[in-house]
Amino acid sequence: MSKSVYEQDITSIVMSDNDNVATLLKGLEAGESFLYVLNGQKEVLTAKQSIPFGHKISIKSIQRSEMVVKYGEVIGAATADIEPGEHVHVHNIEGIRGRGDKAEGGQK
Amino acid sequence: MMNMIKGYRRPNGKIGIRNHLLIIPTVICANHVANRIQQAVPASVAIPHQHGCSQIGDDKDRTHNLLAGMGKNPNVGAVLLVSLGCEVIDAKILKKEIEETGKPVEWIDIQDVGGSIKAIQKGSEIVHSLFREIEKIPLEDVPLSELILGVKCGGSDATSGLCSNPALGKTADQLLKQGGTIVMGETTEIIGAEHLVAQKAVSEEVANKLYAYVENFEKEVERIGADMRGGNPSPGNIEGGLSTIEEKSLGCISKAGTAPLKDVLAFAEEIPGSGYYFMDSPGNDIECVSGMAAAGVHMVCFTTGRGTPTGNPIIPVIKITGNEITAAKMADNIDVDTSLVMKGKETTEEAGNRILETVIKTAQGELTKAEILGHQEFSISRISISL
């Protein structure tokens, strides 16, 4: 990562331009805005809830069952519709891999 | 410029960066005797463990190979095996395998010697004289190219993928450029990112080996019938912002750098040469680091966001964090803080160079925080039931 990506006024980081989530470099209160860089452009959005440092925030509308993308790769699927500025975590996304619970005879 | 480190040259030509006298109980029943011997001669280290009996097949082999590998690791100068006498693990074979390295290996059997007290006395006398023997081994200047470095992450949070793992990846690239060796493990924690690791494989055969290990692992999760989440990512990983195993894996893999993947090895399999290797292993911190030690790794660079005290009885473990809160709160455990990268005050290359400096100093004899505190976590992973 180059220095420019972690510019000092940037409060969140988008790992790849294909991502639909950003990772917060500081905790946010509901209504607080955050800065991120996408396709070389600085963008601003507002957090819908308070979200801790290191957690993910949506930067796009993500429909239920849609893939959640970070590092330009799929990290899971949305289990609910997610609006930009919402906290993205275990309450609204699930893993696709390592799902023994979904295998035949699994603990559904 | 070639960086130099310091090593003890073993009879088989390999170098160790530490000169440990290792006491290996072949079975849980010998743990107490092994521990008492270690207490009698505190310059030694013991590796008590839970296994060694009531095991069959691959599971028995895993315990055997792990114990043999610990004895063979070049950071070990001499070994005392302590057996009970009726266990599954064959101390005689273990002794022979470790002896192939040329280092002194002694063996006592509790049933044969006649009980705990006699075994502790005899074992203590042997360890005491072995110590005098390995003390004579000189420390030589050796090139950094001889170093085998394990890369591992544990107690991860979001900073691991953003900062400490990419920085460690730069360290890995530097070490490989100087002719050294990198070993990455944790099959669990490449799930969802295995295609990116496989892309770097030198051949289709190597890539297929990697996919096969991941598939085996995932089938086992299916057999258990549960979601991995909650076990891995763990509750602490989740609190730190990691939502799925895929996300965790994608953050994990950058720690091995960008070099081609030379081969994929079985758990605790001896590292065959220089370059970048993947070793099949659980993601569990202690089981993975123990497997790396048994494979002949000299040292592990361990990134952690949440903070962990992890050490090992025979190999130094350097703890690296990208989380400034953890760096301050667990300063007695953390060796390198890379959180300046997150503030835009340092590049990952610069942080990677600082990690490399710590690697070199540690390989020249400087103690890691885990060594100073006496952390010696060790465990053997199981793959089957107890009989």
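Because the structure is predicted, anything quoted here is derived from the model rather than measured.

## Describing the interface of chain A and chain B
Accessible area lost upon the coming together of the parts serves often as the stated size of an interface.
Then, number 1: Across the contact, 34 residues belong to chain A and 32 residues belong to chain B.
Then, number 2: For the side of chain A that touches chain B, the elements supplying multiple residues, two or more each, are β7 (73-78) and β9 (93-94) of chain A.
Then, number 3: The dominant element in the side of chain A that touches chain B, judged by the number of residues it contributes, is β7(A), at four residues.
Then, number 4: Residue composition of the side of chain A that touches chain B, by class: twelve nonpolar, 13 polar and nine charged.

## Things to note about the packing of helix α2 (residues 57-72) of chain B against helix α11 (residues 285-295) of chain B
All names here are of chain B.
Then, number 1: Between α2 and α11, the shortest axis-to-axis distance is 7 Å and the interhelical angle comes to 60°. In terms of orientation, α2 and α11 fall into the oblique class. When the axes of α2 and α11 are compared, the crossing they make is left-handed. Contact residues: N65, L66, G69 and M70 in α2; S290, G291, A293, A294 and A295 in α11.
Then, number 2: Residue composition of the contact of α2 with α11, by class: five nonpolar, four polar and no charged.

## A closer look at the environment of F131(B)
All names here are of chain B.
Then, number 1: Mapped onto the elements of the fold, F131 is located in helix α5 (residues 116-135).
Then, number 2: Under the C-beta neighbour-count criterion, F131 is labelled partly exposed, with 16 such atoms within 10 Å.
Then, number 3: Here the alpha-carbon distance between F131 and G77, two residues 54 residues apart in the chain, equals 8.8 Å.
Then, number 4: Setting aside anything within four residues of it in sequence, one finds F131 in contact with L21, V41, A43 and S44.

## Digging into the domain arrangement of chain B
All names here are of chain B.
Then, number 1: Domain boundaries in chain B define domain 1 (20-136) and domain 2 (145-373).
Then, number 2: Listed per partner, the contact involves 14 residues of domain 1 and twelve residues of domain 2.
Then, number 3: Every element with two or more residues in the side of domain 1 that touches domain 2 is listed here: β3 (20-25) and α2.
Then, number 4: No other element matches the six residues that α2 contributes to the side of domain 1 that touches domain 2.
Then, number 5: Here the side of domain 1 that touches domain 2 is built from residues that sort into seven nonpolar, five polar and two charged.

Reading the values: rules and limits
- Residues numbered from 1 in each chain as written.
- Chains lettered and ligands numbered in written order.
- Predicted model: local features only at pLDDT ≥ 70, side-chain atom pairs only at ≥ 80, totals over all residues.
- Contact = placed C-beta atoms within 7 Å.
- Helix = DSSP H or I, 4+ residues; strand = E, 2+ residues; numbered from the N terminus.
- Nonpolar A, V, L, I, M, F, W, Y, C, P; charged D, E, K, R; others polar.
- Axes fitted to C-alpha atoms, helices over the stretch in contact; angles between N-to-C directions.
- Parallel < 35°, antiparallel > 145°, perpendicular 65-115°, else oblique.
- Left-handed = near helix turned anticlockwise from the far one by under 90°.
- Buried ≥ 20, exposed ≤ 12 C-beta atoms within 10 Å, placed from the backbone.
- Domains from an automatic or database assignment.

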